[in-house]
Amino acid sequence: MSDNNQSEQNQELSGAPSPEELEAAQAANEADALSAAQSELAALQAKNTELADSYLRAKAEAENARRRADEEIAKARKFAVESFAESLLPVTDSLEAGLQQPDATAAQIREGTEATLKQLKSALERNRVVEINPASGEKFDPHQHQAISMVPAEQDANTVVGVLQKGYLIADRVLRPALVTVAAPK
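Basis of the calculations
Residues numbered from 1 in each chain as written. Predicted model: local features only at pLDDT ≥ 70, side-chain atom pairs only at ≥ 80, totals over all residues. Heavy atoms only, no water. Salt bridge = Lys/Arg side-chain N within 4 Å of Asp/Glu carboxyl O. Helix = DSSP H or I, 4+ residues; strand = E, 2+ residues; numbered from the N terminus. Buried < 20%, exposed > 50% of the residue type's maximum accessible area, 1.4 Å probe, protein only. Pairing = 2+ DSSP bridges. Axes fitted to C-alpha atoms, helices over the stretch in contact; angles between N-to-C directions. Core = buried A, V, L, I, M, F, W, Y, C linked by side-chain atoms within 4.5 Å. Contact = heavy atoms within 4.5 Å. Expected span 1.5 Å × (residues − 1). 1 Å grid on protein atoms, 1.4 Å probe; cavity = no way out; pocket = protein on both sides within 12 Å on 5 of 7 lines; lining within 4 Å. Points joined across faces, edges and corners; volume = space filled by probe spheres on them. Nonpolar A, V, L, I, M, F, W, Y, C, P; charged D, E, K, R; others polar. Polar contact = N/O pair within 3.5 Å; in protein donor to acceptor, adjacent residues only side chain to side chain. Parallel < 35°, antiparallel > 145°, perpendicular 65-115°, else oblique.

S.K.: I'd like to hear about the pattern of salt bridges, residue by residue, with values.
M.R.: Scanning the model with the defined rule gives seven salt bridges in all. Ionic pairing is found between R66 and D70, a salt bridge with its closest N-O pair at 2.6 Å. One end of the pair, R66, and the other, D70, are both in helix α2 (residues 19-99), four residues apart, so they sit about a helical turn from each other. The exposure class assigned to R66 is partly exposed, which follows from its relative accessible area of 44%. The partly exposed category is assigned to D70, whose relative accessible area is 40%. With a shortest N-O distance of 3.3 Å, E114 and R110 are connected by a salt bridge. Highlighted residues: E114 and R110, both in helix α3 (residues 106-126), separated by four residues, approximately one helical turn. Residue class for E114 comes out partly exposed when judged on its relative accessible area of 45%. In the salt-bridge network here, residues are joined through shared partners; they are E63, R66 and D70.

Take a look at the structure:
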């Protein structure tokens, strides 16, 4: 037998793999590792593409929602003003009708003015405009009242003595504070 054959027989008998077998096994392990890495890379690339697509869709959806909200706000403002103007048209009609009565008496003019004022107040209330008209003796509220002066009075200090001009709220927000005189401390 030759030395090569002898060494192969010795390796076979000893159970130790030959250098060629070791090299083949190592190449197979590297191929498996490479294949696994390539599979993982492909999976990660697919997930990345999916997430990028989801991100773009979410971004577009958010932009569309913002645009729709802006349009809704613009429509709400437009129609709120339109509704308010529409509620004032009967007041305008009443004033014009009153002016077309050249020979009206003072009593008729007063009666027409009172009816028109009632129409105007009703239109304001329908549009959530409420008057601020504090009663005498009511506690002064700096959020709704504006003190014009302090006067000596027989009532508690910092209470309303009189109203010089009514104020108005619109949807619980002060449109114009009531101008009042306030009782001075004694």
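S.K.: Account for the sheet that holds strand β6 (residues 178-183), naming residues and giving values.
M.R.: Read from one edge of the open sheet, three strands run β2-β6-β3, paired in mixed fashion. Here the strands that pair on one side only, and so sit at the sheet edges, are β2 (145-151) and β3 (160-165). Taking each pair of neighbouring strands and ignoring which way they run, the sheet shows an average axis angle of 30°. Bridging between β3 and β6 involves four bridges; their strand directions are antiparallel. Within β6, the position partnered with G162 by the bridge is T181.

S.K.: Outline the nonpolar core, listing residues and values.
M.R.: The biggest cluster of nonpolar side chains holds six residues, and these are I132, V160, L169, A178, V180 and V182. If one sorts the elements of this core by residue count, β6 sits on top with three residues.

S.K.: Go over the sheet that holds strand β5 (residues 173-176) with me, naming the residues and quoting the values.
M.R.: If you trace the three strands from one edge of the open sheet to the other, you get β1-β4-β5, paired in antiparallel fashion. Here the strands that pair on one side only, and so sit at the sheet edges, are β1 (129-132) and β5. For this sheet, the mean angle separating the axes of adjacent strands, direction not counted, is 35°.

S.K.: Explain the side chain of T159 to me, using residue names and the numbers behind them.
M.R.: Along the chain, T159 falls in the loop between β2 and β3. Not counting chain neighbours up to four residues away, the residues in contact with T159 comprise G137, E138, K139, F140, T181, V182 and A183.

S.K.: Provide a residue-level description of α3, including the pertinent values.
M.R.: With 21 residues, α3 should cover 30 Å at 1.5 Å per step; its first-to-last C-alpha distance of 30 Å lies within 8% of that length. Tucked into the core, α3 has its buried residues touching α2 and β1. Phi turns positive, to about 60°, at R128, one or two residues after α3.

S.K.: Tell me about the layout of surface pockets, residues and numbers included.
M.R.: Roughly 280 Å³ of internal volume is contained in the largest pocket. Lining the largest pocket are 13 residues, and of these S94, G98, L99, G112 and T113 lie nearest its centre. When contributions to the lining of the largest pocket are tallied by element, the ones reaching two or more residues are α2 and α3. Residue composition of the lining of the largest pocket, grouped by class: five nonpolar, eight polar and no charged.

S.K.: For the side chain of S87, give the residues involved together with the corresponding values.
M.R.: Examined against the element boundaries, S87 turns out to sit in helix α2. Here N127 takes part through its side chain, which lies 2.8 Å from a polar atom of the side chain of S87. Setting aside residues up to four positions removed in sequence, S87 forms contacts with A123, R126 and N127.

S.K.: Lay out the packing of α2 against α3 with the relevant residues and their values.
M.R.: Where α2 contacts α3, the two axes come as close as 9 Å, and the packing angle between them is 180°. Classified by the interaxial angle, the pair formed by α2 and α3 is roughly antiparallel. Across from F84, S87, L88, P90, V91, S94 and L95 in α2, the residues of α3 making contact are T116, Q119, L120, A123, L124 and R126.

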